[in-house]
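This is what each chain is made of:
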Amino acid sequence: DMSTAASFSTPGRAGVSARTRSRARSDRRAVRASGVSSSEGYEEVRYGLGRGSVAYYPIDASASSTTTTTTMPLLRADTEPTTRYIDGPLDAAAIWLFNLKLEQAVNDGADEEERRRNAKGLPAGGFDRLVALADRIASSGRTPPEQRAVVLATLLGLIPPWVRTQFKRLIDPRWAWVDKMNALITVNAFAWLVGPCEIVPRDDDGELAAVKLRKCRYLEQCGCTASCANFCKRPTEGFFREAFGVDAHLAPNHEDGSCVMTFGRKPPEFNDPAFSQPCYSSCAKAAACDPTTRGGLYPKPCHRLGDP
């Protein structure tokens, strides 16, 4: 089980190590800084590199009432973040490195004055800065395919070229265990980008070669259907294909914020559901997707998605 009940009281049982007590004190300080006032009402989930990061999910959020309607909503519900995160030192370092490379992509070809303008208004660091940089890429005038190419190059830049070359030379993606290995790598090495996740059986054959994201951190914080597809889904699928020579299919669930990443399976060539999703109501430009502004009856796909 990847989750435990949140508890921030200093352990009093004999035999608890000094490291554990120090970690509990550190957690209490970080929790207060993250906006979670106490452990009550939250579920704690440890994850990430060295399991040093913590996500806090409001327990009552899962019990919130839902309404059913006979007509399709005009826009997705707002994605105001309810999960609180504390990044461990290793995950924080990964986010810092990714931000550095994203900023280099944003400033590619820019002079000093343009660099200053690009930096204006950006959060100081952390995951907030990552989301803001992604939005800068999306609003830079690049087409959706160009946006995906920038993010793919940034992801590939996290792994030295010689490692990628050796991996593809030594490991045949047709070997049965390769998909399982990639699922294991994802859960342990890339949760800093998407939040807590776990290995689950692959739908079609039951092999433990799929990863379920409990509630994608990036999607929840960016609140944008197009950013989900162009900054995360397509670049991640391309990353595993280019870096390791394996197929991967990301299937985001815009109803609950989860996502399933299936290894050894290609994404749909046509009619991928991720590219037919309407905007969230929190999107600053959501009116362009609202059928009431276009004389339509059903929600249009987000106008920034582009073609699959």
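Quantities reported herein were computed from a predicted structural model and do not represent experimental measurements. (Residues numbered from 1 in each chain as written. Predicted model: local features only at pLDDT ≥ 70, side-chain atom pairs only at ≥ 80, totals over all residues. Heavy atoms only, no water.)

**Examining the overall build of the protein chain**
When helices and strands are tallied, the protein chain shows ten helices and eight strands. Evaluated residue by residue, the protein chain yields a buried proportion of 44% over its 308 residues. Carbon and sulfur atoms form 54% of the exposed surface of the protein chain, whose accessible area is close to 16500 Å². (Helix = DSSP H or I, 4+ residues; strand = E, 2+ residues; numbered from the N terminus. Buried < 20%, exposed > 50% of the residue type's maximum accessible area, 1.4 Å probe, protein only. Areas by Shrake-Rupley, 256 points an atom, 1.4 Å probe, with all protein chains shown as cover.)

**Structural notes on the environment of isoleucine 199**
Structurally, the position occupied by isoleucine 199 is in strand E5 (residues 197-200). If we skip the residues at most four places from it in the chain, isoleucine 199 touches Ala183, Leu184, Val187, Leu208, Ala210 and Val211. (Contact = heavy atoms within 4.5 Å.)

**Side note on the sheet that holds strand E7 (residues 248-252)**
Taken in spatial order, the four strands line up as E5-E6-E8-E7 in an open sheet, and their pairing is antiparallel. Both outer strands of the open sheet, E5 and E7, are each paired with one neighbouring strand and no more. Direction aside, neighbouring strands of the sheet carry axes that sit 20 degrees apart on average. Where E5 lies against strand E6 (residues 210-213), four bridges are found, and the strand directions are antiparallel. Residue pairing in the sheet places glutamate 198 in a bridge with lysine 212 of E6. (Pairing = 2+ DSSP bridges. Axes fitted to C-alpha atoms, helices over the stretch in contact; angles between N-to-C directions.)

**A closer look at the side chain of aspartate 179**
In this structure, aspartate 179 sits in helix H7 (residues 176-189). Apart from the residues lying within four places of it in its own chain, the contact partners of aspartate 179 are Arg202, Ala209, Phe263 and Gly264.

**Let's talk about the nonpolar core**
By size, the foremost hydrophobic cluster in this structure holds 65 residues, and its most contacted members are Leu130, Tyr218 and Phe239. If you tally residues by element for this core, the top one is helix H10 (residues 225-244), at nine residues. Leaving out residues up to four positions away in the same chain, phenylalanine 239 has contacts with Leu152, Leu155, Leu156, Ile159, Phe190 and Phe244. (Core = buried A, V, L, I, M, F, W, Y, C linked by side-chain atoms within 4.5 Å.)

**Some details on the packing of helix H5 (residues 144-156) against H10**
With their axes 8 Å apart at the nearest point, H5 and H10 run at an angle of 50 degrees to one another. Relative to H10, the element H5 is oriented oblique. Taken as a pair, H5 and H10 cross one another with a handedness that is right-handed. Only Asn230, Phe231, Arg234, Pro235, Thr236, Gly238, Phe239, Glu242 and Ala243 of H10 make contact with H5, whose side of the interface consists of Pro144, Gln147, Arg148, Val151, Leu152, Leu155 and Leu156. A breakdown of the residues in the contact of H5 with H10 according to their chemical character gives nine nonpolar, four polar and three charged. (Parallel < 35°, antiparallel > 145°, perpendicular 65-115°, else oblique. Left-handed = near helix turned anticlockwise from the far one by under 90°. Nonpolar A, V, L, I, M, F, W, Y, C, P; charged D, E, K, R; others polar.)

**Quick notes on the packing of aromatic side chains**
Summed over the entire model, instances satisfying the criterion amount to twelve aromatic pairs. On the numbers, 6.4 Å between centres and 80 degrees between planes, the contact of tyrosine 47 with tyrosine 85 is edge-to-face. One end of the pair, tyrosine 47, is in strand E2 (residues 42-47); the other, tyrosine 85, is in strand E4 (residues 84-86), and 38 residues separate them in sequence. Tyrosine 85 sits in the buried class, given a relative accessible area of 14%. Between tyrosine 218 and phenylalanine 231 the ring centres are 4.8 Å apart and the planes differ by 25 degrees, which places this aromatic pair in the stacked class. Taken together, the residues tyrosine 218 in helix H9 (residues 217-222) and phenylalanine 231 in helix H10 connect sequence positions 13 residues apart. Relative accessible area serves as the criterion here: at 2%, tyrosine 218 is assigned to the buried category. (Phe/Tyr/Trp six-rings, centres within 6.5 Å; stacked < 30°, edge-to-face > 60°.)

**Here's the deal with a nonpolar patch on the surface**
A cluster of nonpolar residues, Trp96, Leu97 and Leu100, forms a patch on the protein surface that exposes about 290 Å² of accessible area. As for its placement among the helices and strands, leucine 97 is situated in helix H2 (residues 89-106). Residue classification places leucine 97 among the partly exposed positions, given a relative accessible area of 31%. (Patch = residues over 30% accessible without salt bridge, like charges linked within 9 Å, V, L, I, M, F, W, Y side chains within 5 Å. Salt bridge = Lys/Arg side-chain N within 4 Å of Asp/Glu carboxyl O.)

**Quick look at the packing of helix H6 (residues 161-170) against H10**
Axis angle and axis distance: for two packed helices, these are the angle between their axes and the distance between the axes, and together they describe the pair. Packing of H6 against H10 leaves a shortest axis separation of 7 Å and a crossing angle of 75 degrees. The pairing of H6 with H10 is recorded here as roughly perpendicular in orientation. When H6 is examined against H10, the residues Arg164, Phe167 and Lys168 are found in contact with a partner set consisting of Glu242, Ala243 and Phe244. Residue classes in the contact of H6 with H10 are distributed as three nonpolar, no polar and three charged.

**Quick look at the pattern of salt bridges**
Evaluation of the coordinates by the stated rule reveals 19 salt bridges. Across the pair arginine 46 and glutamate 44 runs a salt bridge whose closest N-O atoms are separated by 3.7 Å. Across the pair, glutamate 44 and arginine 46 agree in class, each one buried. Arginine 234 is the salt-bridge partner of glutamate 237, the closest N and O atoms lying 2.6 Å from each other. On the criterion of helical spacing, the pair formed by glutamate 237 and arginine 234 is a turn pair, its members being three residues apart in helix H10. Of the two residues, glutamate 237 and arginine 234, neither departs from the other in class, the shared state being buried. Look at the salt bridges and you will find they share partners, linking Asp179, Arg202, Asp204, Asp205 and Arg265 into a network.

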